[in-house]
Amino acid sequence: MPPHPAQTIHTVWISDLEPRRLEPGSILLSWEPGPGAGTDVTARLGLASAEVLLARWPALHGDWIPVVHPTLHEVKGLHSALSVATDALHLANHLATN
């Protein structure tokens, strides 16, 4: 079940010293100082065959979590639905060939 929008998002800190491919369904957030006092935040999503740019929020000021969290919540829900649909398709194909 996808997380509820009010729930916290479980996180793990990863350093750039050990870059590795994201697991499917994982989201990697990175941030760096932006122009002025802002922060540039980038999100990448791990898929089965690739890693894709999910979103980029340039020059966020102050607490940027309320801006980023809704997007992450929606993506986790969409990824969960896509995973269920993919599993159902694989099962249907398996049953059709047997």
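Higher on the page you've got the structure.
This structure is a prediction, so every number in the text was calculated from the model and none was measured.

The rules we used
Per chain, residues are indexed from 1 in the order of the written sequence. Totals for whole chains, interfaces and linings use all residues, but because this is a predicted model, local features are given only for residues with pLDDT of at least 70 and pairs of side-chain atoms are given and counted only at 80 or more. Hydrogens are left out, water is left out, and the side-chain values use all remaining heavy atoms of the structure. What makes two strands pair is DSSP finding at least two bridges between them. Only DSSP runs of H or I with at least four residues qualify as helices, and only runs of E with at least two residues qualify as strands; both kinds are numbered from the N terminus onward. Note on definitions: angles span 0 to 180 degrees between N-to-C directions of axes, and those axes are lines fitted to C-alpha atoms, for helices only across the stretch in contact. Any pair of residues with heavy atoms lying within 4.5 Å of one another is described as a contacting pair. We define the nonpolar core as a collection of buried residues of types Ala, Val, Leu, Ile, Met, Phe, Trp, Tyr and Cys that are connected through side-chain atoms lying within 4.5 Å of one another. Think of it in three bands: with a 1.4 Å probe and only protein chains considered, a residue is buried below 20% of the maximum accessible area for its type, exposed above 50%, and partly exposed in between.

Draft legend 1. Representation of the pairing of strand 1 (residues 27–33) within the structure. Bridge analysis of strand 1 against strand 2 (residues 39–46) gives seven bridges, and the strand direction is antiparallel. Across the sheet, residue L29 finds its bridge partner in strand 2, namely A43. Hairpin connection, strand 1 to strand 2: the antiparallel pair is bridged by five residues, and G36 has positive phi, about 65 degrees.

Draft legend 2. Main features of the sheet that holds strand 3 (residues 51–60). The strand order across the open sheet built from three strands is 1-2-3, with neighbouring strands paired in antiparallel fashion. Strand pairing shows two members of the sheet lacking a second neighbour, strand 1 and strand 3, which therefore form its edges. Going from strand to strand, the sheet's axes swing by 15 degrees on average, the running direction of each strand aside. When strand 2 meets strand 3, the two strands line up antiparallel, connected through seven bridges. If you follow L45 over to strand 3, its bridge partner there is V52. The strands that helix 1 (residues 65–97) touches are strand 1, strand 2 and strand 3; relative to strand 3, the one it contacts most, it runs at about 165 degrees.

Draft legend 3. Region of interest: the nonpolar core. Membership of the largest hydrophobic core is limited to eight residues, which are V41, A43, A55, W57, L60, W64, V68 and L72. Of all the secondary structure elements, the ones that give two or more residues to this core are strand 2, strand 3 and helix 1. The element best represented in this core is strand 3, accounting for three residues.

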